[in-house]
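So you can see what is in the structure, the chains are spelled out below.
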Amino acid sequence: MEIRDRSLVGEEIILDGKSATVHFILHSTLVDCRIRCSSKGRMLAISDTTFDGCVFDQRVALSDFDFTRSRFSNSKFKGKYVGVDFGSKHPSGGISECDFTDASLHLCRFYGDGSVASRFAGWPFVAIPFPGSGLRVVQGAVDVSGLEVLLGVLSRQSPECSCVVIDMRTVSREQSIDLEDLKAMFAPYVHEGECESKI
């Protein structure tokens, strides 16, 4: 599918993962649209597009994708996102007042000045604001030897990275660390219910 230089309102857009062609959404404006995507990142090209009041329903895990070349406002994200970038890393990008409460986010970075809020699911997800300026973890809560790589990655984020969201279930599984121990260590970032974070 190709959407280029168009304005769409209230449309349902299906980006089928079975297609052998790349799906393009370029230089367009989408308002109150529902995007159902079963394509993986290498089959998507989304750039210089404004999404306002849209629902982006990702049906398969989307990994290592860059949404920072488009602007999202008042939109809702569903599905699984791993290593995906959102926000204003590029001049045409941005994100404001979006809802990620039905999305599974792991190592997803948000770029912005920290002035605009979006909503995230609570525990076992943690939203760590401005990780490059220092983490506030509870020392001694857990042996950090299995977390050295993760903590190093977080601390080396650029100043433009206003937030990183991590799924602690994935960290627990990959590092064989009890989820409750991770909850104690990352206590400053734990929210039992939905949370709002400035990005």
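Undergrad: Talk me through the environment of D64; I want residue IDs and the actual numbers.
TA: Mapped onto the elements of the fold, D64 is located in the loop between β10 (62–63) and β11 (71–73). The class for D64 is exposed, based on a relative accessible area of 67%. Along the chain, D64 and K40 lie 24 residues apart, while their C-alpha atoms are 9.5 Å from each other. Not counting residues up to four positions away in its chain, the partners in contact with D64 are V82, G83 and V84.

Undergrad: How would you explain unusual backbone geometry if you had to name every residue and give the values?
TA: Negative phi characterises most residues that are not glycine, and trans characterises most peptide bonds. For the peptide bond that leads from W123 to P124, omega is 15°, which places it in the cis range. The phi angle at F130 is positive, at roughly 40°, despite the residue not being glycine. Within the fold, F130 resides in the loop between β18 (125–129) and α1 (148–155). Positive phi, normally seen in glycine, also occurs at S176, with a value near 50°. Mapped onto the elements of the fold, S176 is located in the loop between α2 (168–175) and α3 (179–185). Judged by its relative accessible area of 68%, S176 falls in the exposed class.

Undergrad: Report on the confidence of the model for the chain, specifying residues and quantitative values.
TA: Of all residues in the chain, 91% attain a pLDDT of 70 or more, and the chain-wide mean is 88. For the chain, strand β20 (residues 195–198) is the element with the lowest average pLDDT, namely 70, and strand β5 (residues 29–31) is the one with the highest, namely 98.

Undergrad: With reference to specific residues and values, describe the side chain of K76.
TA: Within the element layout of this structure, K76 appears in strand β12 (residues 76–82). Among the polar contacts made by the side chain of K76, one reaches the side chain of T101 at a distance of 3.4 Å. Excluding its chain neighbours within four sequence positions, the residues that come into contact with K76 are C54, V55, F56, D99, T101 and D102.

Undergrad: Give a detailed account of α2, specifying residues and quantitative values.
TA: Along an α-helix, residues three or four positions apart point the same way, because every turn accommodates 3.6 residues. Restricting attention to buried positions, one finds in α2 the residues M168, T170, V171 and S172. Along its buried surface, α2 packs onto β15 (99–106), β18, α1, β19 (161–167) and α3. Its side-chain oxygen placed 3.0 Å from the backbone nitrogen of R169, D167 serves as the N-cap of α2. Directly after α2, the chain includes S176, whose backbone phi takes a positive value near 50°.

Undergrad: Give a detailed account of the nonpolar core, specifying residues and quantitative values.
TA: Among soluble globular proteins, nonpolar side chains are generally buried collectively. Residues F67, Y81, F86, F100 and F110 are the most contacted members of the largest nonpolar core, which totals 36 residues. The set of elements that each furnish at least two residues to this core consists of β3 (12–15), β6 (34–37), β7 (44–47), β12, β15, β16 (108–111), β18 and β19. Broken down by element, this core gets its largest block of residues, three residues, from β15. V126, M168, L182 and V190 belong to the second-largest nonpolar core, a separate cluster that totals 19 residues.

Undergrad: Tell me what's going on with the sheet that holds strand β4 (residues 23–26), and back it up with residues and numbers.
TA: Pairing is parallel across the open sheet formed by three strands, whose spatial order is β1-β4-β7. Of all the strands in the sheet, the pair left with one neighbour each is β1 (2–4) and β7. Between one strand and the next, the sheet's axes are offset by a mean angle of 5°, whatever the strand orientation. Pairing analysis gives four bridges linking β4 to β7, with the strands arranged parallel. Bridge pairing in β7 links H23 to L44.

Cut-offs applied
- Residues numbered from 1 in each chain as written.
- Predicted model: local features only at pLDDT ≥ 70, side-chain atom pairs only at ≥ 80, totals over all residues.
- Heavy atoms only, no water.
- Helix = DSSP H or I, 4+ residues; strand = E, 2+ residues; numbered from the N terminus.
- Buried < 20%, exposed > 50% of the residue type's maximum accessible area, 1.4 Å probe, protein only.
- Contact = heavy atoms within 4.5 Å.
- pLDDT = per-residue confidence, 0-100.
- Polar contact = N/O pair within 3.5 Å; in protein donor to acceptor, adjacent residues only side chain to side chain.
- Core = buried A, V, L, I, M, F, W, Y, C linked by side-chain atoms within 4.5 Å.
- Pairing = 2+ DSSP bridges.
- Axes fitted to C-alpha atoms, helices over the stretch in contact; angles between N-to-C directions.

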